Amino acid sequence: MLQKKICMLGGFAVGKTSLVRRFVQSIFSETYLTTVGVKIDKKSVVLSDKTVDLILWDLAGEDDIGSFRLSYVRGATGLVLVADGTRAATLTVALTLRERTEAEFGAMPFVLLLNKSDLADQWTISDDAINEMRQSGYQIYLTSALSGESVDDAFIQLASLVSK
Ligand SMILES: Nc1nc2c(ncn2[C@@H]2O[C@H](COP(=O)(O)OP(=O)(O)OP(=O)(O)O)[C@@H](O)[C@H]2O)c(=O)[nH]1
Ligand SMILES: [Mg+2]
C-alpha cells in the first residue's frame, strides 16, 4: 500500500486544520481552536492508476519562524503550504517555512493554497503576485475551507505529485 506523509505548513490561523477537516470529513466550523503540537489524519485518494493513503500532519501554525518545530517534517514526502489570502504577510510565512524544510530535508513536492477565497472583499494578495508565482512554477490553488472551493483539487494534485 502506498502511504505518504504530508505536512500542512503555514502561519497562525490561516486555515490548515479547517482545510484538512473539509477534505477528510467534508465539514467546516467557524470556531477557532488553535492546534497544539500536531494532529494526524488519514485519507485515501484514488488516482487514475493507483490509490494513495495521505497521512496528513496538521502542524500548529507559527508566525515566529524561529520556533517552528522542524522535526515534525522528518519523513514527509510532500507539503501543503497554506496562506490566508486576507493577510498577505502569511504568504511570506508559508514560503519561508518551505525554505527551512528544504534546507533541512531537501526539496519535496508542494502545493500552495491561498485560503479563505470566500472572503473576496478582504483579499490582500494581488492577481499579479499570484501570476508571477505561477510563472515561476508554483502550483497555486485559491481555496475555501468554508465553501470547499478547490480543496479536493489541491490535495489530489499533491497526491499525484508525491506518488509519481
Ligand atoms: N471564511 C473562512 N474562514 C476560514 C477558512 N478557513 C479557516 N477559516 C477560519 O479561520 C480560523 C482559523 O482556522 P484553523 O483551521 O483553525 O487555522 P489553523 O491554520 O489550523 O490555525 P493554527 O492551528 O492555530 O495554526 C477559524 O475560525 C476558521 O473557521 C475559510 O476558507 N474561509
Ligand atoms: Mg490548526
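Everything below is about the structure printed above this text.
Visitor: Mind showing me how you'd approach helix α1 (residues 16-25) here?
Guide: It helps to recall that an α-helix has 3.6 residues per turn; residues three or four apart then point in one direction. Listing the buried residues of α1 in full gives Lys 16, Ser 18, Leu 19, Val 20, Arg 22 and Phe 23. Downstream of α1 by a residue or two, Ser 26 has a phi angle that is positive, lying close to 60 degrees.

Visitor: What is the right way to look at the layout of surface pockets in this model?
Guide: Any space left empty among the atoms is revealed by the rolling of a water-sized probe across them. Of the voids in this model, the largest pocket is the one considered here, and its volume is about 470 Å³. Put simply, the parts of the chain that give the lining of the largest pocket at least two residues each are α1 and β3 (51-59). When residues of the lining of the largest pocket are assigned to their parent elements, the largest contribution, four residues, is made by α1. Residues of the lining of the largest pocket, tallied by class, amount to eleven nonpolar, ten polar and six charged.

Visitor: How should the packing of α1 against helix α4 (residues 151-162) be read in this particular structure?
Guide: The packing of two helices is summarised by the inter-axis angle and the distance between the axes. Following both chains from N to C, one finds α1 and α4 inclined at 85 degrees, their axes separated by 10 Å at the closest point. What the angle tells us is that α1 and α4 run roughly perpendicular. The segment α1 lies against α4, with Leu 19, Arg 22 and Phe 23 engaging Val 151, Asp 152 and Phe 155. A class-by-class count of the residues in the contact of α1 with α4 yields four nonpolar, no polar and two charged.

Reading the values: rules and limits
- Residues numbered from 1 in each chain as written.
- Chains lettered and ligands numbered in written order.
- Predicted model: local features only at pLDDT ≥ 70, side-chain atom pairs only at ≥ 80, totals over all residues.
- Heavy atoms only, no water.
- Buried < 20%, exposed > 50% of the residue type's maximum accessible area, 1.4 Å probe, protein only.
- Helix = DSSP H or I, 4+ residues; strand = E, 2+ residues; numbered from the N terminus.
- 1 Å grid on protein atoms, 1.4 Å probe; cavity = no way out; pocket = protein on both sides within 12 Å on 5 of 7 lines; lining within 4 Å.
- Points joined across faces, edges and corners; volume = space filled by probe spheres on them.
- Nonpolar A, V, L, I, M, F, W, Y, C, P; charged D, E, K, R; others polar.
- Axes fitted to C-alpha atoms, helices over the stretch in contact; angles between N-to-C directions.
- Parallel < 35°, antiparallel > 145°, perpendicular 65-115°, else oblique.
- Contact = heavy atoms within 4.5 Å.

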